Amino acid sequence: IIEQPSNANAIISDFFVHHQQNHISTNNNNDNINTLEIDQLNISKCRLGPNGTTNLFSFLSNNPSIKIHQINLQRNAIGSTGGRAIGSFLQNPSSGCCTALQLLDISLNDLKAGGGGGG
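What counts, and where the lines are drawn
All chains use their own residue numbering, which begins from 1 and follows the written sequence. Reporting in this predicted model follows two pLDDT cut-offs: at least 70 for local features of residues, and 80 or more for side-chain atom pairs to be given and counted; totals over whole chains, interfaces and linings ignore these cut-offs and use all residues. Each side-chain value is worked out from all heavy atoms of the structure, with water and hydrogens disregarded. For the purposes of this entry, the term helix denotes a DSSP run of H or I that reaches at least four residues, the term strand denotes a run of E that reaches at least two, and both are numbered from the N terminus. Buried residues are those whose accessible area, probed at 1.4 Å on protein chains only, stays under 20% of the maximum for their type, while exposed residues exceed 50% and partly exposed ones sit between those limits. Each polar contact in these results corresponds to two N or O atoms within 3.5 Å; when the atoms are within protein, one needs to be able to donate a hydrogen and the other to accept it, and residues that are neighboring in sequence are counted only if both atoms are side-chain atoms. Orientation is described by axes fitted as lines to C-alpha atoms, over the contacting stretch for helices, and by angles from 0 to 180 degrees between their N-to-C directions. When describing relative orientation, an angle under 35 degrees is termed roughly parallel and one over 145 degrees roughly antiparallel, while 65 to 115 degrees is termed roughly perpendicular and anything else oblique. Here, residues are in contact when the closest pair of their heavy atoms is within 4.5 Å. Three classes are used, and their members are as follows: Ala, Val, Leu, Ile, Met, Phe, Trp, Tyr, Cys and Pro are nonpolar, Asp, Glu, Lys and Arg are charged, and the others, Gly among them, are polar. Each residue gets a pLDDT score, which is the predictor's confidence in that residue and runs from 0 to 100. At least two bridges found by DSSP between two strands is the condition for calling them paired. We call a crossover right-handed when, viewed with both strands directed away from the observer, the connection leading from the first strand over the helix to the second proceeds clockwise.

Engineer: Could you give me a rundown of the side chain of Asn109, with the residues and numbers involved?
Structural biologist: Here Asn109 is to be found in the segment after strand S5 (103–105). In this structure Asn109 comes out as buried when scored by relative accessible area, which is 14%. A polar atom in the side chain of Asn109 sits 2.9 Å from the backbone nitrogen of Ala77.

Here it is as structure tokens:
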């Protein structure tokens, strides 16, 4: 029986923890560290919305051992609030995922220029 997480943060955390359990990489100092490296994360058309997007990028910012090369967020209605969360994430160069990220597709979302108001 799989227990269902009660909130979005738990769902995101469970996903990455499950996929990280057997992934061990070696850093430049030859120290074993737990690192999850994902080539493509396609979560297009998943109805993330602004809150789900904020939760996802907050989680990635706080877990630098997760490295994702491509993220597809097409058609998730992330809005300006989700757009601001993505912007904050991209401005954080210490995030492992951010340094590995080569492609971020946020097309077909309701993003407004400036992103200063509304959600």
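Engineer: Tell me what's going on with the packing of helix H2 (residues 49–61) against helix H3 (residues 79–90), and back it up with residues and numbers.
Structural biologist: Packing of H2 against H3 leaves a shortest axis separation of 8 Å and a crossing angle of 10°. By the angle between their directions, the pair H2 and H3 is classed as roughly parallel. In contact with Pro50, Thr53, Thr54, Phe57, Leu60 and Ser61 of H2, H3 contributes Thr81, Gly82, Ala85, Ile86 and Phe89. Residue classes in the contact of H2 with H3 are distributed as six nonpolar, five polar and no charged.

Engineer: Got a sec to walk through the confidence of the model for the chain? Specific residues and values, please.
Structural biologist: Chain-level pLDDT for the chain is 78 on average; 69% of the residues reach the 70-or-more range. Within the chain, the element-level pLDDT minimum falls on strand S1 (residues 24–26), averaging 46, and the maximum on S5, averaging 96. Contacts for the low-pLDDT stretch residues 1–6, under 50 throughout, to residues beyond four places or in other chains number three contacts.

Engineer: With reference to specific residues and values, describe the pairing of strand S4 (residues 66–72).
Structural biologist: Among the seven residues of S4, five are classified as buried, and the element is accordingly described as predominantly covered. Pairing geometry for strand S3 (residues 36–42) and S4, over six bridges, is parallel. Across the sheet, residue Asn42 finds its bridge partner in S4, namely Asn72. On the question of chirality, the crossover connecting S3 to the parallel S4 by way of H2 is right-handed. Relative to S5, S4 is paired through three bridges, and the arrangement is parallel. Residue pairing for S5: Asn72 is matched across the bridge by Asp105.

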